[in-house]
Amino acid sequence: LDPITFEVIRHRLWAINDDQARMAARLSGSFIVYEGYDFNAALVTADGRGLYCGVYILQHGATIDEFVRKILAEWLAEEIRPGDMFFTNDPWWGALHANDGILAMPIFWEGELVAWSGIVMHDDDVGSPVPGSFVSGAADRFGEAPLFPGIKMVEEFEPLVDIERAYLRNSRVPEHNALNMRARVAALRMTYQRVGELIGEYGLDAFLAAEEGIIAYVERVVRSRLREIPDGDWYAMGYHDHDGNNNEMYPICVRVIKHGDRLVVDLTGTSRQAPGSINCARPCMEGAIMGVILTFLC
């Protein structure tokens, strides 16, 4: 791509991602979303590489690509169609915890999968034994809210009534969660339209080249910033002093090793899984690390 076209497409995609996040928040009736900003949005390449992350809770946006890769691994290509949207609130599938529902949508152009878009929102209550769904005394995941691994929630841009009904049945505030779901769907539909307009204006080859160019550009910039930092390693350790059930000490260890343009985050020494609600699944852990990197290096 010539540099001017690249910059135009890069900034158009940036604006599209910002707009879908703002639209979803405005349509939501949830205080924690539109006033607490407990949500985010992301654009992802067709094969599941993160492309854009919104400016809200970065830990949310940084896990959407993980969810997309799981969808691609679990569904046959011919089973992923225009107008489909996939949902999860499962921490092992990419949600930070059960309240954080992700809706992800494949974007097609003339039958070809060219990108994904995703929005995550915190739903007020998702049906645990405790209103609000934060169960400090749970001993395992079965003492918390129901988890939905990746499911197809939307077909032909319309929610599947029976699937949505099963999800909403598990909430004390189904009307709130239903509105959040429609806010996600509406914003993703608009994103689908706007990405199509962008490809129609510049062509598919330019769009795909811009996606690869964005990833390469970010890598060059971040590596150059890393090279400016002196080599070394830094270590810190903190503690959880309670697991929700017992007074126990759980060390949390992190060592950051920087050499040249490479950064390693080593969590060796961190406590193993605890019999309580303080655990962190891998996508959440990666999201937490990426949130810091996005903030300070990007």
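Criteria and thresholds
Residues numbered from 1 in each chain as written. Predicted model: local features only at pLDDT ≥ 70, side-chain atom pairs only at ≥ 80, totals over all residues. Heavy atoms only, no water. Helix = DSSP H or I, 4+ residues; strand = E, 2+ residues; numbered from the N terminus. Rg over C-alpha atoms; globule rule 2.2 N^0.38 Å. Buried < 20%, exposed > 50% of the residue type's maximum accessible area, 1.4 Å probe, protein only. Areas by Shrake-Rupley, 256 points an atom, 1.4 Å probe, with all protein chains shown as cover. Lys, Arg positive; Asp, Glu negative; His and termini not counted. Charge placed at Lys NZ, Arg CZ, Asp CG, Glu CD. Core = buried A, V, L, I, M, F, W, Y, C linked by side-chain atoms within 4.5 Å. Contact = heavy atoms within 4.5 Å. Axes fitted to C-alpha atoms, helices over the stretch in contact; angles between N-to-C directions. Parallel < 35°, antiparallel > 145°, perpendicular 65-115°, else oblique. Nonpolar A, V, L, I, M, F, W, Y, C, P; charged D, E, K, R; others polar. Pairing = 2+ DSSP bridges.

Peer 1: Help me get a handle on the overall build of the protein, residues and values and all.
Peer 2: Summing up its helical and strand segments, the protein has eight helices and ten strands in all. At 20 Å, the protein has a C-alpha radius of gyration in line with the 19 Å of a compact globule built from 298 residues. Seen through its principal axes, the protein has C-alpha atoms that stretch 60 × 55 × 35 Å. The burial tally for the protein puts 45% of its 298 residues in the buried class. Surface summary for the protein: the accessible area is close to 14,800 Å², and the carbon and sulfur share equals 56%. Side-chain charges in the protein split into 26 positive and 43 negative, and the spacing between the mean points of these groups amounts to 2 Å.

Peer 1: Give a detailed account of the nonpolar core, specifying residues and quantitative values.
Peer 2: Counting 64 residues, the largest nonpolar core has Leu13 and Phe207 as its most contacted members. The element contributing the most residues to this core is helix α6 (residues 174-202), with ten residues. Those residues in contact with leucine 13, other than ones at most four positions away along the chain, are Leu43, Leu51, Tyr52, Leu198, Phe207 and Ile214.

Peer 1: Tell me what's going on with the packing of helix α1 (residues 3-27) against helix α7 (residues 204-227), and back it up with residues and numbers.
Peer 2: The interhelical angle for the contact between α1 and α7, taken along N-to-C directions, is 80°, at an axis separation of 10 Å. One finds that α1 runs roughly perpendicular with respect to α7. Counting all contacts with α1, which are made through Phe6, Ile9, Arg10 and Leu13, the residues of α7 involved are Ala206, Phe207, Ala210, Gly213, Ile214 and Tyr217. Residue composition of the contact of α1 with α7, by class: eight nonpolar, one polar and one charged.

Peer 1: Pulling in residues and values, what's your account of the sheet that holds strand β8 (residues 232-240)?
Peer 2: Spatial strand order, β8-β9-β10: three strands in an open sheet with antiparallel pairing. A strand with exactly one partner marks an edge of an open sheet, and here the two such strands are β8 and β10 (262-266). Averaged over all neighbouring strand pairs, the angle between strand axes comes to 15°, with direction disregarded. As paired elements, strand β9 (residues 250-259) and β10 share five bridges and run antiparallel to each other. The residue of β10 that forms the bridge with isoleucine 257 is valine 264.

Peer 1: Describe unusual backbone geometry, with residues and values.
Peer 2: For tyrosine 37, which is not glycine, the phi torsion reads 55° and is therefore positive. Residue placement: tyrosine 37 occurs in the loop between α2 (31-34) and β1 (39-45). Here tyrosine 37 falls in the partly exposed class, since its relative accessible area comes to 46%. One non-glycine residue, glutamate 156, lies in the positive phi region at around 55°. Mapped onto the elements of the fold, glutamate 156 is located in the loop between β6 (151-155) and β7 (158-159).

Purely geometric numbers; function is a separate question.
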